[in-house]
Amino acid sequence: SRIPRHSRCFNVRRTVQRGIYKPNRLATVIVSIPLVLLNFNTDNRGTEFASRRLTTMAAAPQEAKKTEYVPPKVWEYKPQGGKFGSINKPTAGPRTEKELPKGKHALQLHSLATPNGVKVTMMLEELNEIYGLEYDAWKINIMEGDQFGSGFVKANPNSKIPALLHYHEGADKKPRRVFESASILMYLAEQFDEKNHFLPKDVDARSETISWVMWQMGSAPYLGGGFGHFYNYAPVKIEYAINRFTMEAKRQLDVLERHLSGKEDSKFSGGKYIVGDTYTIADMAIWPWYGALALGKLYSAGEFLQVDEYPNVVAWAKRIGDRKGTIRGRMVNRSWGEKSEQLPERHDASDFDKLLSSEK
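Residues numbered from 1 in each chain as written. Predicted model: local features only at pLDDT ≥ 70, side-chain atom pairs only at ≥ 80, totals over all residues. Heavy atoms only, no water.

Can you help me understand the overall build of the protein chain in this one?
Across its full length, the protein chain holds 13 helices and 4 strands. Restricting to contacts in the protein chain with at least 6 residues of sequence separation, those with at least 24 account for 64%. Summed over its atoms, the accessible surface of the protein chain is roughly 20300 Å², and 52% of this surface lies on carbon and sulfur atoms. (Helix = DSSP H or I, 4+ residues; strand = E, 2+ residues; numbered from the N terminus. Contact = heavy atoms within 4.5 Å. Areas by Shrake-Rupley, 256 points an atom, 1.4 Å probe, with all protein chains shown as cover.)

Shown next as structure tokens:
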């Protein structure tokens, strides 16, 4: 080239300053050396720039390369780590031989006081309050793998709580199994709510109730398995995953906010409860997830999600949280938190009084 060497150095310096040329660290050092040593046709600013660039790049640590997960052609199971990593596997069926205990009542609930379990005990306590319906509730410790015992798998082949066994033909006969929380709510309403308090007989109200129950069943996996897992349980914090499911959790809260505030063109929008002014199994299905979230009882994420942006959801959550059936329902099959709120097993309504008296 006929261009003088010092001019070539100067031109490279100019392109670097303008952001046109983005050299790697080695190239920057090589280019900067002649500018420092040979100050031809460069002003003091150029020399200072080159010197500063040389010093900075030489002293900076090697930047870690970001690795991206590339899925293999065929997936293979490996323990995932995290809170549930030791129990999650890609196979179904029993892992141990273990029969379920049985109490004296026709209804035998095998569950845990997670949101899905609380839905059912809220309903059972409401039915007990109105009709005196009794039941036995046995704790399933999911962290110890009780859900994979042979007896529980018979009750629910999906190995998820809650599972209900109804000895409708007598204690010595084979029980009817009912699994999935929404299915249990509907079953209890149809079998024991003679006055249709919680699943209205009116077609419009009934269809609205069932629609919201199904909304919860379809939406909650994004809240629990999505937001709750990556925000609270995952062994590593993944920004993309947390942002993705936070956005969806807030969108769902806004769905409830709009409905409860009366912004929907529906005669059931704007009431005290999900289906107007009638307390139904829709409220029982939604509250343990979204109501508990709004009250700061789930994932300790109230501030992070800015739940105060949803005042109607918060008011609805408080209203239901004050019900006797909700207070008692949250206690059943619980073995964590305040001692006064723990009733790992429940066999009679008097168990609550015994618990409270033992705490005094």
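After presenting the structure, the write-up continues.
What is the right way to look at the pairing of strand E2 (residues 136-139) in this model?
A regular strand carries its side chains on alternate faces of the sheet. Looking at chain direction, strand E1 (residues 107-111) and E2 are connected through 4 bridges and run parallel. Its bridge partner being in E2, Leu 109 is matched across the sheet by Ala 137. Note on the crossover from E1 through helix H4 (residues 115-131) to E2: the handedness is right-handed. (Pairing = 2+ DSSP bridges. Right-handed = clockwise from strand over helix to strand, strands pointing away.)

Sorry, what's going on with the sheet that holds strand E3 (residues 163-166) here?
Working definition: the strands of a sheet are paired by backbone hydrogen bonds and lie parallel or antiparallel to each other. One open sheet accounts for 4 strands, arranged E2-E1-E3-E4; its pairing is mixed. With one partner strand each, in any of the chains shown, E2 and strand E4 (176-179) form the two edges of the open sheet. Strand-to-strand, the axes of this sheet are offset by a mean angle of 20 degrees, without reference to chain direction. On top of the sheet, helix H6 (residues 181-192) reaches E1, E3 and E4; it is set at about 130 degrees to E4, its chief contact. (Axes fitted to C-alpha atoms, helices over the stretch in contact; angles between N-to-C directions.)

Any chance you could explain the pattern of salt bridges here in plain terms?
Where charged atoms of side chains with opposite charge meet at close range, the side chains can pair. Overall, the coordinates contain 11 salt bridges when judged by the stated rule. Salt-bridge contacts for Lys 324 lead to Glu 129; the nearest nitrogen and oxygen are separated by 3.3 Å. Taken together, the residues Lys 324 in helix H12 (residues 324-331) and Glu 129 in helix H4 connect sequence positions 195 residues apart. Notably, a salt bridge pairs Arg 328 with Asp 353, separated by 3.9 Å at the nearest N-O pair. Placement of the pair is Arg 328 in helix H12 and Asp 353 in helix H13 (residues 350-359), with a sequence separation of 25 residues. Relative accessible area serves as the criterion here: at 15%, Arg 328 is assigned to the buried category. The partly exposed category is assigned to Asp 353, whose relative accessible area is 46%. A single network of salt bridges, built from pairs that share partners, joins Glu 125, Glu 134 and Arg 346. (Salt bridge = Lys/Arg side-chain N within 4 Å of Asp/Glu carboxyl O. Buried < 20%, exposed > 50% of the residue type's maximum accessible area, 1.4 Å probe, protein only.)

How should the nonpolar core be read in this particular structure?
Within soluble globular proteins, side chains that are nonpolar generally end up buried alongside one another. One finds Met 123, Leu 188, Ile 274, Ile 281, Tyr 290 and Trp 316 to be the most contacted residues of the largest nonpolar core, which totals 68 residues. Elements represented by at least two residues in this core include exactly E1, H4, H6, helix H7 (203-233), helix H8 (239-261), helix H9 (281-294), helix H11 (311-321) and H13. Not counting the four nearest positions on each side in its chain, Ile 281 is found in contact with Met 123, Leu 185, Met 186, Phe 198, Leu 199, Thr 209 and Val 213. Among the nonpolar cores identified, the runner-up in size contains 9 residues, and Leu 112, Ala 155, Leu 165 and Tyr 167 belong to it. (Core = buried A, V, L, I, M, F, W, Y, C linked by side-chain atoms within 4.5 Å.)

Please explain H12 as it appears in this structure.
Turn by turn, an α-helix covers 3.6 residues, leaving residues three or four places apart pointing in a common direction. Within H12, 6 of the 8 residues are buried, which leaves the element mostly enclosed by the surrounding structure. Within H12, the full set of buried residues consists of Gly 325, Thr 326, Arg 328, Gly 329, Arg 330 and Met 331. Residues of H12 that are buried sit in contact with H4, H9, H11 and H13. In the stretch just after H12, Asn 333 is the one whose phi turns positive, near 65 degrees.

Looking at this model, I keep getting lost on the packing of H9 against H11. Mind explaining?
Any two packed helices are characterised by how steeply their axes cross, that is the angle between the axes, and by the distance between the axes. It is at 9 Å that the axes of H9 and H11 come closest, and there the two elements cross at 115 degrees. The element H9 and its partner H11 pack so that their crossing is left-handed. For the pair H9 and H11, contact is made by Asp 283, Ile 286, Trp 287, Tyr 290, Gly 291 and Ala 294 and by Val 313, Val 314, Trp 316, Ala 317, Ile 320 and Gly 321, respectively. In terms of residue class, the contact of H9 with H11 is built from 9 nonpolar, 2 polar and 1 charged. (Left-handed = near helix turned anticlockwise from the far one by under 90°. Nonpolar A, V, L, I, M, F, W, Y, C, P; charged D, E, K, R; others polar.)

Would you take a moment to explain H8 for this structure?
If you check H8, its first and last C-alpha atoms are 32 Å apart, about what 23 residues at 1.5 Å a residue would give, namely 33 Å. Residues of H8 that are buried include every one of Ala 241, Ile 242, Phe 245, Thr 246, Glu 248, Ala 249, Gln 252, Leu 253, Leu 256, Glu 257, His 259 and Leu 260, and no others. Summarising the contacts, the buried residues of H8 are in contact with H7, H9, helix H10 (302-305) and H11. Immediately beyond the C-terminal end of H8, within one or two residues, lies Gly 262, with a positive phi of roughly 90 degrees. (Expected span 1.5 Å × (residues − 1).)

Purely spatial values, then, with no claim about function.
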